[in-house]
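Letter by letter, the chains look like this.
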Amino acid sequence: QVQLVESGGGLVQAGGSLRLSCATSGRTFSSYGMGWFRQAPGKERVFVASISWSGGNTAYTDSVKGRFTISRDNAKNTVYLQMNSLKPEDTAVYYCAAKGPMMRYDYWGQGTQVTVSS
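Residues numbered from 1 in each chain as written. Predicted model: local features only at pLDDT ≥ 70, side-chain atom pairs only at ≥ 80, totals over all residues. Heavy atoms only, no water.

1. Some words on unusual backbone geometry
Okay, step 1: Non-glycine residue Asn 77 carries a positive phi angle of around 55°.
Okay, step 2: By secondary structure assignment, the location of Asn 77 is in the loop between β7 (68-73) and β8 (78-83).
Okay, step 3: For Met 103, which is not glycine, the phi torsion reads 65° and is therefore positive.
Okay, step 4: Looking at the secondary structure, you find Met 103 in the loop between β9 (92-99) and β10 (105-108).
Okay, step 5: Assessed through its relative accessible area of 48%, Met 103 is described here as partly exposed. (Helix = DSSP H or I, 4+ residues; strand = E, 2+ residues; numbered from the N terminus. Buried < 20%, exposed > 50% of the residue type's maximum accessible area, 1.4 Å probe, protein only.)

The structure is reproduced here in structure tokens:
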């Protein structure tokens, strides 16, 4: 069974930084793409960033480009999201997701809260 466990969330002032981690287990981590999503209060869950199985290809939603960096360490079965220059509108629950054999995000973590104060 695939498991994803996020960590690293917390409360930070605007302009600050946080690094989220997502540890995975239960399958060959390096085989599939990974992504980060977020859900703000009262809103739908939305895409934030993704990374290919090799780490060679990344993608970001426009609002985080230049501020967030997604990376992965296949030896540690972990994907990261470095978040810099945080803004109050980045406040959300952040979820890690892993693609399955059909290349859809089939596996999800429980989420970690990120709160950015102004």
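2. What about the packing of aromatic side chains?
Okay, step 1: On inspection of all chains with the given rule, the structure shows 4 aromatic pairs.
Okay, step 2: Seen in terms of ring centroids, Phe 37 and Phe 47 are 5.7 Å apart; in terms of plane orientation they differ by 80°. Their pairing is edge-to-face. Separated by 10 residues along the polypeptide, Phe 37 in strand β4 (residues 34-39) and Phe 47 in strand β5 (residues 45-51) bring together distant segments of the chain.
Okay, step 3: Accessibility expressed as a relative area gives 11% for Phe 37, which makes it buried.
Okay, step 4: By relative accessible area, Phe 47 is classed as partly exposed at 28%.
Okay, step 5: Here the guanidinium or amino end of Arg 45 rests over the ring plane of Tyr 95, the centre of that ring lying 3.8 Å away.
Okay, step 6: Over the face of the ring belonging to Trp 108 we find Arg 45, whose NZ or CZ atom lies 4.7 Å from the ring centre. (Phe/Tyr/Trp six-rings, centres within 6.5 Å; stacked < 30°, edge-to-face > 60°. Lys NZ or Arg CZ within 6 Å of the ring centre and 35° of its normal.)

3. Details of the state of the cysteines
Okay, step 1: This structure, assessed with the given rule, holds 1 disulfide.
Okay, step 2: With a sulfur-sulfur separation of 2.1 Å, Cys 22 is cross-linked through a disulfide to Cys 96. The S-S bond linking Cys 22 to Cys 96 shows a torsion near -80°; that makes this disulfide left-handed. With Cys 22 in strand β3 (residues 18-25) and Cys 96 in strand β9, this pair connects stretches of sequence that are 74 residues apart.
Okay, step 3: Look at Cys 22 and you get buried, because its relative accessible area is 0%.
Okay, step 4: Accessibility expressed as a relative area gives 0% for Cys 96, which makes it buried. (Disulfide = S-S within 2.5 Å.)

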